[in-house]
Amino acid sequence: MIEGLLLLLVAFWVAVDTTAWGQLLVSEPIFTGILAGAILGEVWTGMSVGALFQVLWSSRAPLGGVLFPWAGPATLGAVVVTVWASSQTTLGFSAPELLPLTGALAAGMGGGEMGRRVLGWLRGRRDYRWAKLAADPGRNLKRVSRLHLQEVIGEGLLGVLVSTTSVALGLLTVLILRNLSQIQEGGVILFGSVVAFGLGLCFRAWVSQTWQKVVVVLGAMVVYLGVNL
Amino acid sequence: MNLKTRLQLIGSLLGLQGAFSNQFRQGVGALLVLKSVQDEGVSEPEFIDQNLEFFNSHPAMAGPILGAVAGLQAEAKSSNLEKGRLLERAQKLKTALAAPFAAVGDALLWRDLRGGLGLLAVATSLLLDSLWALLAYFLVYNLIHLGLRLYGFFWGFGNPKAAARLLQFPGMQRLVRFSRQFGWIGVAAMSMTLLSSPTVLSTPGLSSTGLFSTGPGLIPVVLAFGLGVFWGHKGWMPFVLVISLGWMFTLLSG
């Protein structure tokens, strides 16, 4: 019960921190993951899931106010699903990785995309609301402040909704796929692919000079060969 | 400026994007920040009309801009002779500085510090099995972010002319040049961390994850990286391909 309430509070905080108030990095997947993991007593699991979404989404910056997956609430949902599904693996599932990872991906990606659309809808609604206030003869600063506060709280509550929906999405995925969980190495391949895809996005975004490309690729090759030969 | 006004300003500056919309962007937030220097001679509806407009910059870089605008408006309040000229200058300054400051803020804070430094911190944290690197990332980012957003406002308020020239300051230019390196270093660090430590993301639930994978497992990992590099910007489709590939190889290898 207390865990649930704390998770809802954190969901509200990270939702508000993304854009509306603060932007102090709490809504970055890695920090949201650690916070959610700490509440559930699984800090390292939270960090792992946070790291997954950090790599996947860190190259997608809100440049020019562009909409992007709502990472904080979605990551929180993914951590909850991972912790829940991990405990389910002890009940007889043979693959320890695949089930929680798939649930985390479904929760995170589904919640992130849903959050992006919710934020888009919210911005459109605000256009109407503020244009109406600007044209109202009884407009005053107290009303502006009150409406502004309502917007911040509303955005936080929508974030909570996104988090809970992403949990539901992840749990549903786990329940549907649990019969496929005999595959032993599946989690490694699936996880590796998603992390590699995220690294590819980051490579495209940040590694622009030829010498940088050479350093990154040669370094990775040397490390890989050093480990495997 | 008394303590109560300062605290209200900090709250308003942190909530600059609280009512972010397509039409006004940060305009509502900027209005609430500028409320602190409202001229008592101007009625509230008139003040709202003057200041509720499109304003779009980086939220941290908006600190010095709004500080300079508020400084000029405060000057106008106490000066009867140059009032109109100062108010017009404040309005022009707000419009003129928003875009260039946003470009620098987006690159410095969103791309390099939040993204690039974040990746470097996560890689270091995983490699050293410690949360200290993440704490350092949190502190460095917020020192620069809050420094610009909060301190930048009060500094701009006292020095409107200097705030308008912030991007020309050598220290600012050095910071932007230096932080540009975080992105590629972060990619290199994360790649090498995942390749060198196969169980770097080990947890009770995720017992042996990481990029370490030989045999058929390496193929989807390399393909996924390629998809990210060449087609990652095309929205959902590449990601769906990655998941499908992962599943396909998972089923084949199982």
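The written sequence of each chain sets the order in which its residues are numbered from 1. Chain letters and ligand numbers both follow the written order, the letters beginning at A and the numbers at 1. The predicted nature of this model means local features are confined to residues of pLDDT at least 70 and side-chain atom pairs, given and counted, to a pLDDT of 80 or more, with totals for whole chains, interfaces and linings taken over all residues. Note: side-chain values were computed over all heavy atoms of the structure, leaving out hydrogens and water.

Novice: Whenever I open this one, the overall build of chain B confuses me. Can you help?
Specialist: Per the secondary structure count, chain B includes eleven helices and zero strands. Numbering of helices and strands runs from the N terminus; a helix is a DSSP stretch of H or I covering at least four residues, while a strand is a stretch of E covering at least two. For chain B, the succession of helices and strands along the chain, N to C, is α-α-α-α-α-α-α-α-α-α-α. Throughout this description, buried means an accessible area under 20% of the type-specific maximum (1.4 Å probe, protein chains only), exposed means over 50%, and partly exposed covers the range between. Taken over 254 residues, chain B has a buried fraction of 56%. Total accessible area on chain B is roughly 10900 Å²; 66% of this is exposed by carbon and sulfur atoms. Accessible surface area values rest on a Shrake-Rupley calculation with a 1.4 Å probe, where residue burial reflects the displayed protein chains alone.

Novice: Looking at this model, I keep getting lost on the environment of Leu-147 of chain A. Mind explaining?
Specialist: All names here are of chain A. Along the chain, the position of Leu-147 falls in helix 6 (residues 141–177). Considering only alpha carbons, one finds Leu-147 and Gly-46, 101 residues apart in sequence, at a separation of 35 Å. Note on contacts: a residue pair is in contact if any heavy atoms of the two residues lie within 4.5 Å. Once you skip the residues sitting within four places of it in the chain, Leu-147 turns out to touch Arg-129, Trp-130 and Leu-133.

Novice: What exactly am I supposed to notice about the interface of chain B and chain A here?
Specialist: When the parts come together, some accessible area is lost, and that loss is often what is quoted as the size of the interface. Taken residue by residue, the interface counts 97 residues in chain B and 89 residues in chain A. Both faces combined, the contact of chain B with chain A buries some 8300 Å², and carbon together with sulfur accounts for 72% of it. Take a side-chain nitrogen of Lys or Arg and a carboxyl oxygen of Asp or Glu: if they are within 4 Å of each other, that pair is a salt bridge. On the surface where chain B and chain A come into contact, there are two salt bridges. Asp-49 of chain B is the partner of Arg-139 of chain A in a salt bridge, and the nearest nitrogen-oxygen pair spans 2.7 Å. The definition of a polar contact used here is a pair of N or O atoms within 3.5 Å, where within protein one atom must be able to donate a hydrogen and the other to accept one, and adjacent residues in sequence count solely through side-chain atom pairs. For the interface between chain B and chain A, the tally reads 17 residue pairs in polar contact (both at pLDDT 80 or more). Breaking the side of chain B that touches chain A down by element, the ones donating at least two residues are helix 1 (3–14), helix 2 (27–34), helix 3 (44–51), helix 5 (83–128), helix 6 (132–158), helix 9 (182–196), helix 10 (218–231) and helix 11 (236–253) of chain B. Ten residues, namely Ala, Val, Leu, Ile, Met, Phe, Trp, Tyr, Cys and Pro, are considered nonpolar, four, namely Asp, Glu, Lys and Arg, are considered charged, and the remaining ones, Gly among them, are considered polar. A breakdown of the residues in the side of chain B that touches chain A according to their chemical character gives 51 nonpolar, 37 polar and nine charged. When two parts are put together, the accessible area they lose, computed with a 1.4 Å probe and summed over both, is reported as buried area.

Novice: What exactly am I supposed to notice about the pattern of salt bridges here?
Specialist: Counted under the stated rule, the structure contains twelve salt bridges over all chains. For Glu-28 of chain A, the salt bridge is made with Arg-114 of chain B, and the minimal N-O distance between the two is 3.4 Å. Placement of the pair is Glu-28 of chain A in the loop between helix 1 (2–18) and helix 2 (29–39) and Arg-114 of chain B in helix 5, with the two residues belonging to separate chains. Residue Glu-28 of chain A shares its accessibility class with Arg-114 of chain B, and that shared class is buried. With a closest N to O distance of 2.8 Å, Arg-116 of chain A and Glu-113 of chain A form a salt bridge. With Arg-116 of chain A and Glu-113 of chain A both in helix 5 (residues 98–135) and three residues apart, the pair spans about one turn of that helix. Assessed through its relative accessible area of 26%, Arg-116 of chain A is described here as partly exposed.

Novice: Would you mind showing me how to read helix 1 of chain B here?
Specialist: An α-helical turn contains 3.6 residues, so any two residues separated by three or four positions project in the same direction. In this model helix 1 of chain B runs 17 Å from its N-terminal to its C-terminal C-alpha over twelve residues, within 8% of the 16 Å that 1.5 Å per residue would give. Of the surrounding elements, those touching the buried residues of helix 1 of chain B are helix 2 and helix 6 of chain B. Expected helix span is computed as 1.5 Å times (number of residues minus one).

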